[in-house]
Amino acid sequence: EAGVAQSPRYKIIEKRQSVAFWCNPISGHATLYWYQQILGQGPKLLIQFQNNGVVDDSQLPKDRFSAERLKGVDSTLKIQPAKLEDSAVYLCASSFTSGTGTYEQYFGPGTRLTVT
Amino acid sequence: TQLLEQSPQFLSIQEGENLTVYCNSSSVFSSLQWYRQEPGEGPVLLVTVVTGGEVKKLKRLTFQFGDARKDSSLHITAAQPGDTGLYLCAGKLNRDDKIIFGKGTRLHILP
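The rules behind the values
- Residues numbered from 1 in each chain as written.
- Chains lettered and ligands numbered in written order.
- Predicted model: local features only at pLDDT ≥ 70, side-chain atom pairs only at ≥ 80, totals over all residues.
- Heavy atoms only, no water.
- Contact = heavy atoms within 4.5 Å.
- Buried area = accessible area lost by both parts, 1.4 Å probe.
- Salt bridge = Lys/Arg side-chain N within 4 Å of Asp/Glu carboxyl O.
- Polar contact = N/O pair within 3.5 Å; in protein donor to acceptor, adjacent residues only side chain to side chain.
- Nonpolar A, V, L, I, M, F, W, Y, C, P; charged D, E, K, R; others polar.
- Buried < 20%, exposed > 50% of the residue type's maximum accessible area, 1.4 Å probe, protein only.
- Pairing = 2+ DSSP bridges.
- Helix = DSSP H or I, 4+ residues; strand = E, 2+ residues; numbered from the N terminus.
- Axes fitted to C-alpha atoms, helices over the stretch in contact; angles between N-to-C directions.

Q: Account for the interface of chain A and chain B, with residues named and values stated.
A: The interface of chain A with chain B comprises 22 residues on the first partner and 20 residues on the second. For the chain A and chain B pair, buried surface summed over both sides reaches about 1,700 Å², with 52% attributable to carbon and sulfur atoms. By the criterion of area lost to chain B, the three top residues of chain A are P43(A), Y103(A) and F107(A), representing 33% of everything that side buries. On the surface where chain A and chain B come into contact, there are one salt bridge. For K98(B), the salt bridge identified is with D56(A), shortest N-O distance 3.8 Å. The interface formed by chain A and chain B contains three residue pairs in polar contact (both at pLDDT 80 or more). For the side of chain A that touches chain B, the class distribution of residues is seven nonpolar, 12 polar and three charged.

Here it is as structure tokens:
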């Protein structure tokens with residue numbers, strides 16, 4: 001079974017530039033997550049999709065970050081304009097939503113963003 | 001304020017030794033998970049615990065959820081270099097809440 005795919009793996013941009021990340025979840029997984037992991041920290045949820053609808057985006061800095069999941073499969077996360085503090089690894093994860101409340105998220109390898 | 005506090009932050013021990021790392025909170029969690037993350041990779045789920053007092057074993061790894069569901073521990077017996085990585089605990093306060101991660105314990109096993 002193919003895992004969660006993310007691209008690019010690495011990106012270096014200057015502050016105030018724009019950047020976009022792409023994620024392809026595991027086939028059949030209805031739930032997709034984007035996390036930000038700053039060096040030395042655990043992942044922080046930015047946005048959660050259920051199919052193509054947003055479930056939780058309470059921690060997404062909406063003035064500069066946006067995300068979409070067209071057709072309920074692939075997703076893109078965009079930052080415009082980037083700031084120095086956006087330097088982090090951006091992780092995408094997906095899960096097969098179950099009704100029991102238990103869950104298993106499968107993570108992609110992440111995109112390491114450096115803003116200079 | 002970090003909802004899930006992990007300790008120690010760093011641990012470096014010799015191969016063959018035993019170790020325990022901890023995940024503590026002042027809040028009650030409906031479930032807790034442990035992940036291992038290797039450099040350049042995303043976290044990989046090791047275990048989910050949902051019942052207070054629950055103990056789960058995965059080969060040389062033993063996971064325990066506290067009776068009050070506020071803390072958890074991960075014990076590794078006879079550590080091996082392959083156990084090296086960042087160990088993250090994560091939990092949900094309520095069943096439908098988002099997952100909250102701790103900062104992790106960075107473990108290094110010396111051959």
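Q: Go over the pattern of salt bridges with me, naming the residues and quoting the values.
A: Residue and element names in this part refer to chain B. A complete count under the given rule lists five salt bridges over all chains for this structure. As a salt-bridge pair, E54 and K56 come within 3.7 Å of each other at their nearest N and O atoms. We classify K56 as partly exposed; its relative accessible area is 32%.

Q: Can you lay out the sheet that holds strand β3 (residues 19–24) of chain A for me, pointing to particular residues and giving the numbers?
A: Residues and elements named next belong to chain A. Taken in spatial order, the four strands of this open sheet run β1-β3-β8-β7, and their pairing is antiparallel. In this open sheet, the two strands that pair with only one neighbour each are β1 (5–7) and β7 (65–68). This sheet shows a mean twist of 15° between the axes of neighbouring strands, independent of strand direction. Two elements, β3 and strand β8 (residues 75–79), share five bridges in a ladder whose sense is antiparallel. Across the sheet, F21 pairs through a bridge with L77, a residue of β8.

Q: Would you mind going over unusual backbone geometry in detail, with residue names and values included?
A: In terms of backbone geometry, most residues other than glycine have negative phi values and most peptide bonds are trans. P8(A) follows S7(A) through a cis peptide bond whose omega is -5°. By the element assignment, P8(A) lies in the loop between β1 and β2 (10–13). Omega for the peptide link from S7(B) to P8(B) comes to -10°, which places this bond in the cis form. Mapping P8(B) onto the fold places it in the loop between β1 (5–7) and β2 (10–14). Residue R16(A) is not a glycine yet carries a positive backbone phi of 80°. Within the element layout of this structure, R16(A) appears in the loop between β2 and β3. A residue is classified by how much of its surface remains accessible, and R16(A), at 63% relative accessible area, is exposed. Here the phi dihedral of N51(A) falls at roughly 55°; this positive angle occurs in a residue that is not glycine. Locating N51(A) in the fold gives a position in the loop between β5 (44–50) and β6 (53–56).

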